[in-house]
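Residue-level structure breakdown
Listed below are the residues making up each chain.
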Amino acid sequence: MPTEEELDIRLQQATRRRLAKFDELRGKVTQAREFWDAVVITAADQKQQLAYEQQLSEKLKRKELPLGVHYHVFVDPPGPKIGNGGSTLHVLQCLEEMYGDTWTSLTIILIHSGGYSQRLPNASALGKIFTALPFGDPIYQMLELKLAMYIDFPAHMNPGILITCADDIELYSIGATEVIMFDKPGFTALAHPSDLVIGTTHGVFVLDSSGISEKELEYRSCHHFLHKPSIEKMHQSGAVCIRRNCSQSNSSGEHSDLKMDYEYVYTDSLFYIDHNIAKQLLIFFKQLDTLCCEIDAYGDFLQALGPGATEDYTKNTDNVTKEGSQLVEVRQKLFSFLKGTSLNVIVLNNSRFYHIGTTQEYLFHFTSESKLKSELGLLSKAFSIFPDKTENSDISACIIQSILDSRCDIAPASVIEYSRLGPEVSVGANSIVSGCCISAKADVPPNTFVSSLSVRINEKVMYVSVVLGIEDNLKKNVTLLSDIHFLQLFGVNLLQCLDLWDLRISDQLFSGDKTSLGLWSIRIFPVCSTLSDSISVSLKMLSAVQNKSAFKLGSWKLLSIEEMLFYKDVEYMLKFRQQIYEEITLKRQKEKSDL
């Protein structure tokens, strides 16, 4: 097996090759088997569907994607949430309705992006799959990166569907003469070597044959699949592999002469289904009539596969976010339907799996010396105009498609994206500033999240800025008003915040489900007539909390984050980004002509 340094270099080289190959296809009509026949993105509701379709349309106009390809956004049916598993089944139905019998002859990539990104809220309005990345000209977003990383797959794939998520990245290296083949019946999944702690939050494969291989690429069969197992369960199931006498690294990442055994497991990422399985799943979906619970495409599909699969998991709801009364019944039906189906595993021994779905992961990968940063070639300054003093220093801030005055001050470990910052703006360490226009004097404290949205209310475009602590938990809820003291904002008891803002506690303070009260649904963010005013007011809210001083919000119309997404005006947000893009482009052209 290669050393860590050797693996770094191999992954960097393989990744650059795939990016270059994808760049060659951007804005060009693709040939048969050169690219996907169809790219499908899922959306949670019609508002999100519209936002995705508008962004895809803009990308195609700017020739940032391969052409001659069908790009679709399929929205989940209205009603209860159905999870990415239910969404997969619904997509199969949409494909059949759209293409008729010909859908079974297509190679399709299905990207699940139907969540509201509550753990990375700068992606909530426009979608995780459209998260900006700090490299490329024009800027890459997650969509382009995923299409680039899978650029070799369609040429070696039987007609079928590759299923992946919007917020993960798989980098891998294989031999120069090797290719990854998706040509077996049933399910085929990629597997990556990971330490046991990583395995507790992912799917883990129990492979049929044991033993360590030096090969970069192996085709194996899976005996059974574990979903987010405990370390004890991994050992009991025979999932744990041991690499003998491995070199160890110290806490600084330097190699030592100490040799130790290393335990690891093979974890999941994406998977492929051939069209025979796809048709069977569609039959299953139609037989259900109505799906009223969340199904997990990984936990509920893959745990039913392989000769060692048992029905035990169908009643285990430990890893379920919200258990519906129908869940166990549907799982049992799905298990019976899929029982005996093979799970083929493509083991990528030289690979790494990354997740960028939380504010902490986002900041770490973009601002620290992470492996992903070197492997992808992530930049500190990507398609931006920003202070020379920052550019020539060792500051680890990350600036993406933004215009910053030379006198503004950006602390290390912060990310600025799609923003315009004036001369008297300072941004503290470990902060995220997204979609903002700050012209007046402003101090964004350390560990702060700031994001501005355009909203359309009564046919008028207005602006709202979300200000949170980086560690604030938007997914935490309580069921009773009397329990909201359990919620925290900026690390402060929410009751104290409301008192400083002179807001009364009542049902009217929350939008949506009155039995699910949290930071996502609380109406505390002021609606303003200008983008810069919305930032100013929201930062004053934060200052009041930090300084324990009063700042009355009673005179403003207030929205929750949940409501902002309902009222969001995608066109104006994209227009703001386009204005920044054009100004940067003009400045670059002028600089070239002046040379």
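Note that the coordinates shown come from a computational prediction; the quantities given were computed from them, not determined experimentally.

**Section: the overall build of the chain**
The secondary structure content of the chain amounts to 16 helices and 30 strands. A compact globule built from 595 residues should have a C-alpha radius of gyration of about 25 Å, and the chain, at 25 Å, falls within 12% of that. Judged by the C-alpha coordinates and their principal axes, the chain covers about 65 × 60 × 55 Å. Taking all 595 residues of the chain together, 56% fall into the buried category. For the chain, restricting intrachain contacts to residue pairs at least 6 apart in sequence, the fraction spanning at least 24 positions comes to 67%. When the accessible area of the chain is evaluated, it comes to approximately 25400 Å², of which 49% is carbon and sulfur surface.

**Overview of the pattern of salt bridges**
Counted by the stated rule, this structure contains 30 salt bridges. Note that R10 and E216 form a salt bridge whose closest N and O atoms lie 3.3 Å from each other. Of this pair, R10 sits in helix α1 (residues 4-25) while E216 sits in the loop between β7 (203-207) and β8 (217-227); the two residues are 206 residues apart in sequence, bridging distant segments of the chain. On the basis of relative accessibility, which here comes to 16%, the residue E216 falls in the buried class.

**Focus: the pairing of strand β29 (residues 525-528)**
Across the two faces of β29 the burial is the same, with F525 and V527 and P526 and C528 all buried. As judged from the two bridges shared by strand β24 (residues 460-469) and β29, these two strands associate in the antiparallel manner. From the neighbouring strand, V464 faces β29, where its bridge partner is V527. The pairing of β29 with strand β30 (residues 558-559) spans two bridges and is classified as antiparallel. What sits directly across from F525, in β30, is L559.

**Overview of the sheet that holds strand β20 (residues 432-434)**
Overall, mixed pairing links the eight strands, which are arranged β13-β14-β17-β20-β23-β24-β29-β30 in an open sheet. For this open sheet the edge positions go to β13 (381-382) and β30, each flanked by a neighbour on one side alone. Of the strands in this sheet, β14 (398-400), β17 (415-417) and β20 touch helix α10 (residues 359-367), which is tilted by about 95° from β17. Together, β23 (448-457) and β24 form the strand contacts of helix α16 (residues 570-594), whose direction differs from that of β23 by roughly 125°.

**Quick notes on the side chain of R18**
Note that R18 resides in helix α1. R18 sits in the buried class, given a relative accessible area of 3%. Among the polar contacts made by the side chain of R18, one reaches the main-chain carbonyl oxygen of Y172 at a distance of 2.8 Å.

What counts as what
- Residues numbered from 1 in each chain as written.
- Predicted model: local features only at pLDDT ≥ 70, side-chain atom pairs only at ≥ 80, totals over all residues.
- Heavy atoms only, no water.
- Helix = DSSP H or I, 4+ residues; strand = E, 2+ residues; numbered from the N terminus.
- Rg over C-alpha atoms; globule rule 2.2 N^0.38 Å.
- Buried < 20%, exposed > 50% of the residue type's maximum accessible area, 1.4 Å probe, protein only.
- Contact = heavy atoms within 4.5 Å.
- Areas by Shrake-Rupley, 256 points an atom, 1.4 Å probe, with all protein chains shown as cover.
- Salt bridge = Lys/Arg side-chain N within 4 Å of Asp/Glu carboxyl O.
- Pairing = 2+ DSSP bridges.
- Axes fitted to C-alpha atoms, helices over the stretch in contact; angles between N-to-C directions.
- Polar contact = N/O pair within 3.5 Å; in protein donor to acceptor, adjacent residues only side chain to side chain.

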